[in-house]
Amino acid sequence: MKSIKIFMLAIAIISGSVLSANTVDPTKPVGKTTSKEAKASMNKQLVSLLSTSTFKVSEETVIQISFTVNKENEIVVLNVSTDDLVIRNSIQNSLNYKKLSAKVIKGQTYFLPIRLVVDN
């Protein structure tokens, strides 16, 4: 009985010291974020990559592209929010596995809204 009490006391002391050592300062951000300069550079690169796409749209529409960046700093398109397969395939072919020079967080999901306009 005495050894059980000593064992429980040791567990309580160890867990108390571990929990008190793992504090978070609420004034500092916990997660990593991409800087505004890196986002601006990334947007410029994405626009230049997408400018080579050749497809026609019948009406103005806005689509959302979600992508991530792998360890080799390459774009991996996760989703293109359109039902038009020609547009989806064209965007994926224009962006997938193209290298970025911007310093972005690898593995983070990014969202890029694109407005497609009718070209007369």
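Residues numbered from 1 in each chain as written. Predicted model: local features only at pLDDT ≥ 70, side-chain atom pairs only at ≥ 80, totals over all residues. Heavy atoms only, no water.

1. Some remarks on the pattern of salt bridges
For step 1, the next point in the chain: Across all of its chains, the model carries 1 salt bridge by this definition.
For step 2, the next point in the chain: As a salt-bridge pair, Glu60 and Arg115 come within 3.8 Å of each other at their nearest N and O atoms. With Glu60 in the loop between α2 (36-50) and β1 (61-69) and Arg115 in strand β3 (residues 110-116), this residue pair connects regions lying 55 residues apart in the sequence. (Salt bridge = Lys/Arg side-chain N within 4 Å of Asp/Glu carboxyl O. Helix = DSSP H or I, 4+ residues; strand = E, 2+ residues; numbered from the N terminus.)

2. Section: the sheet that holds β1
For step 1, the next point in the chain: Here we have 3 strands laid out as an open sheet, ordered β2-β1-β3, and antiparallel in their pairing. The strands lining the two open edges of the sheet, one partner per strand, are β2 (75-80) and β3. Adjacent strand axes in the sheet meet at a mean angle of 35°, parallel and antiparallel pairs treated alike.
For step 2, the next point in the chain: Contacting β1, β2 and β3, α2 crosses the sheet at an angle of about 45° to β3. (Pairing = 2+ DSSP bridges. Axes fitted to C-alpha atoms, helices over the stretch in contact; angles between N-to-C directions. Contact = heavy atoms within 4.5 Å.)

3. A short note on the environment of Leu100
For step 1, the next point in the chain: Examined against the element boundaries, Leu100 turns out to sit in the loop between α3 (85-95) and β3.
For step 2, the next point in the chain: Note: C-alpha distance between Leu100 and Asn73 (27 residues apart in sequence) is 5.8 Å.
For step 3, the next point in the chain: Excluding residues that lie within four positions of it along the chain, Leu100 makes contacts with Met42, Gln45, Val69, Asn73 and Ile75.

4. Observations regarding the pairing of β1
For step 1, the next point in the chain: Across 7 bridges, β1 lies against β3 in antiparallel orientation. Directly across from Ile63, in β3, lies its bridge partner Ile114.
For step 2, the next point in the chain: Where β1 hands over to β2, the hairpin turn is made up of 5 residues, of which Asn73 adopts a positive phi near 65°.

5. Considering the confidence of the model for the chain
For step 1, the next point in the chain: Taken over all residues, the pLDDT of the chain has a mean of 79, while the share at 70 or more is 78%.
For step 2, the next point in the chain: Between the elements of the chain, mean pLDDT differs from a low of 66, seen in helix α1 (residues 2-21), to a high of 92, seen in β2. (pLDDT = per-residue confidence, 0-100.)

6. As for the side chain of Gln45
For step 1, the next point in the chain: With respect to the element layout, Gln45 can be found in helix α2.
For step 2, the next point in the chain: Here Gln45 is in contact with Lys99, Leu100, Ser101 and Ala102, once residues within four sequence places are set aside.

7. Re the nonpolar core
For step 1, the next point in the chain: Judged by nonpolar contacts, the single largest core of 21 residues is most densely connected at Met42, Ile65, Phe67, Ile91 and Leu95.
For step 2, the next point in the chain: Every element with two or more residues in this core is listed here: α2, β1, β2, α3 and β3.
For step 3, the next point in the chain: Setting aside chain neighbours within four positions, we find Ile91 in contact with Leu50, Phe55, Ile63, Ile65 and Val80. (Core = buried A, V, L, I, M, F, W, Y, C linked by side-chain atoms within 4.5 Å. Buried < 20%, exposed > 50% of the residue type's maximum accessible area, 1.4 Å probe, protein only.)

8. Focus on unusual backbone geometry
For step 1, the next point in the chain: At Asn73, a position not held by glycine, the phi torsion is positive, near 65°.
For step 2, the next point in the chain: Not every positive phi belongs to a glycine, and Tyr97 is a case in point at roughly 60°.
For step 3, the next point in the chain: Structurally, the position occupied by Tyr97 is in the loop between α3 and β3.

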